[in-house]
Amino acid sequence: IPNPTKVDHEVQFSCTPSGGVPGYTYSWAFGDGGTSTLQNPTHTYSASGTPTATVTVKDSLGNTKTCSQSMTVNPPLSVTCAATPTTIMVGSTVFFASTPSGGVPPYSYSWTFGDGGTSNLQNPTHTYVTPGSYTATVIVTDSLGNTVKCSQVITVVPLPVVVPPEKPQPSPPTPKPPLYLKPAQLSVQYLSVSPQQASAGQPVTITTNVVNSGDVAGNLNVALKINGQAEQTKMVTVGPQVAQPVKFTVTKSQPGTYTVDIGGQKGSFVITGQGDGTGGTSSSSSGGLIAILVVGILVIVVSALLILDFRLPAH
């Protein structure tokens, strides 16, 4: 029995009776209203949940025996994907991300970027070297072999062409209106946490992109918040019409789930195992005990000397 399974996936059940007096009869109840009288039936669940499949076997003398199997039925496999940015100049890098859900993990990933490039990472990057419009597609496969896909369209524009100055004319040229340059417009887009589950003390890398949609370079102070508290900050300078990746590395010793927030982009990671939990208390406690023992010994020695001095006869 594949367990867990997913909605609309056919599950093969089997029953092997022994003892009693053959022939046997079978009565299956699959926990969602479905039934069967076959020995080894199949059943397809139409809704997610945790039903219990039960078979009751009866021999020819009317003796019965029941066996049950708890099932986990996940929702259908789905995936969302994102690309940052979606319009770039030749030679620029695009950051891709995919987020699968449902189905039966673990998942595998197959990216094609529309220009012959491929990747099997969940969140790859890719650099386009030729102008054009490209469709980047990720196909996600779960452990049951079910697949879904998601696509993003990337527009690659050529580099600006430098026009040589015009030859001098007998009369001065008509003045051209000044070019309007849109000021730097910086925003935080995309968030990746790797790994999403780590042991106590294991580094966790958090990556985001600062995107400048303006026509001039600008600066942004990027703040990493863990569980709502500012943890680290980085000042980054981003050129016009480009995305600048920013990475933070954190290490946590206490198990638990930690929420991540960078400029409104949110994620989380889980720390497993046990931290030492001492915070320096053990060493300071040991030092205190040693100090108490030393003072106690000094008090005993001084008391013994005073008693001995008191009992000695005067000369």
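Rules and cut-offs
Each chain carries its own residue numbering, running from 1 in the direction its sequence is written. Under the rules for a predicted model, residues below a pLDDT of 70 receive no local features and side-chain atom pairs below 80 are neither given nor counted, while totals for whole chains, interfaces and linings still include all residues. Hydrogen atoms and water are omitted, and side-chain values are computed over all heavy atoms in the structure. Buried Ala, Val, Leu, Ile, Met, Phe, Trp, Tyr and Cys residues that are joined via side-chain atoms within 4.5 Å together make up what is termed a nonpolar core. Exposure is judged per residue with a 1.4 Å probe applied to protein chains only, and the accessible area is read against the type maximum: over 50% gives exposed, under 20% gives buried, and values in between give partly exposed. By the criteria applied, helices consist of DSSP H or I runs no shorter than four residues and strands consist of E runs no shorter than two, each listed in order from the N terminus. In this analysis, two residues are considered to be in contact whenever any of their non-hydrogen atoms come within 4.5 Å of each other. In the sections that follow, a salt bridge refers to a side-chain nitrogen of Lys or Arg positioned within 4 Å of a carboxyl oxygen of Asp or Glu. A pair of strands counts as paired when DSSP detects no fewer than two bridges linking them. The rule for a disulfide is simple: a pair of cysteine sulfur atoms within 2.5 Å. In this scheme Phe, Tyr and Trp rings, the latter by its six-membered ring, pair at centre separations within 6.5 Å, and the angle between planes marks the pair as stacked below 30 degrees, edge-to-face above 60, and tilted otherwise. Here, a charge over a ring is recorded when the distance from Lys NZ or Arg CZ to the ring centre is within 6 Å and its angle to the ring normal is within 35 degrees. Values of pLDDT, ranging from 0 to 100, describe the predictor's confidence in every residue of the model.

As a further point, take the nonpolar core. Ranked by size, the top nonpolar core spans 20 residues in total, and within it V204, I206, L224, I226, V260, I262 and F269 carry the most contacts. Within the residue set of this core, elements represented by two or more residues are β17 (186-194), β19 (204-212), β20 (218-226), β21 (229-238), β22 (242-250), β23 (256-262) and β24 (265-272). Not counting chain neighbours up to four residues away, the residues in contact with I206 comprise L191, S192, V193, L224, I226, V246, K247, F248, V250, V260, I262 and F269. One finds C81, A83, V94 and Y128 within the second-largest nonpolar core, a separate group that totals 17 residues.

A word on the pattern of salt bridges. Overall, the coordinates contain two salt bridges when judged by the stated rule. E231 is paired through a salt bridge with K252; the nearest N and O atoms lie 2.9 Å apart. Of this pair, E231 sits in strand β21 while K252 sits in the loop between β22 and β23, and the two are 21 residues apart along the sequence. A salt bridge links D261 to K266, with the nearest nitrogen and oxygen atoms 2.5 Å apart.

Turning next to the pairing of strand β3 (residues 25-29). Where burial is concerned, the two faces of β3 differ: the one with Y26 and W28 is buried and the one with T25, S27 and A29 is not. Pairing geometry for β3 and strand β6 (residues 52-58), over five bridges, is antiparallel. Note that in β6 the partner of T25 across the bridge is K58. Examined bridge by bridge, β3 and strand β4 (residues 35-36) share two bridges and lie antiparallel to one another. Each residue of the ladder has a partner; that of W28, found in β4, is S36. What sits between the antiparallel neighbours β3 and β4 is a turn of five residues, in which G31 has the positive phi angle 85°.

Per the stated rule, a full pass over the model turns up one disulfide. As a non-bridged cysteine, C15 has C67 as the owner of its nearest cysteine sulfur, 7.0 Å distant. Under the relative-accessibility criterion, C15 is labelled buried at 10%.

A complete count under the given rule lists nine aromatic pairs for this structure. Pairing F95 with Y190 gives two aromatic rings, centres 6.5 Å apart and planes at 35°, and the pair type is tilted. Of this pair, F95 sits in strand β11 (residues 93-101) while Y190 sits in strand β17; the two residues are 95 residues apart in sequence, bridging distant segments of the chain. Of the two residues examined, F95 and Y190, each falls in the buried class. Among the aromatic residues, ring-to-ring pairing joins F13, W28 and F30 into one connected group. Here the basic side chain of K234 rests over the ring of F248, its NZ or CZ set 5.1 Å away from the ring centre.

What follows covers the side chain of T207. Mapped onto the elements, T207 comes out in strand β19. Discounting residues that sit within four places of it in the chain, T207 has contacts with Y190, L191, S192, V246 and K247.

With that out of the way, let us pick up the sheet that holds strand β16 (residues 147-157). Strand order in this open sheet of five strands is β10-β16-β15-β12-β13, and the pairing throughout is mixed. One side of each edge strand has no neighbouring strand; the edge strands of this open sheet are β10 (87-89) and β13 (118-119). Direction of pairing for strand β15 (residues 132-141) relative to β16: antiparallel, over a ladder of 10 bridges. When the bridges of β16 are listed, G132 appears paired with V156.

Another aspect to go through is the confidence of the model for the protein. Across the protein, the average pLDDT comes to 86, with 90% of residues at 70 or higher. In this model residues 275-287 is a low-confidence stretch, pLDDT under 50, and it forms four contacts with partners more than four residues away in sequence or in other chains.

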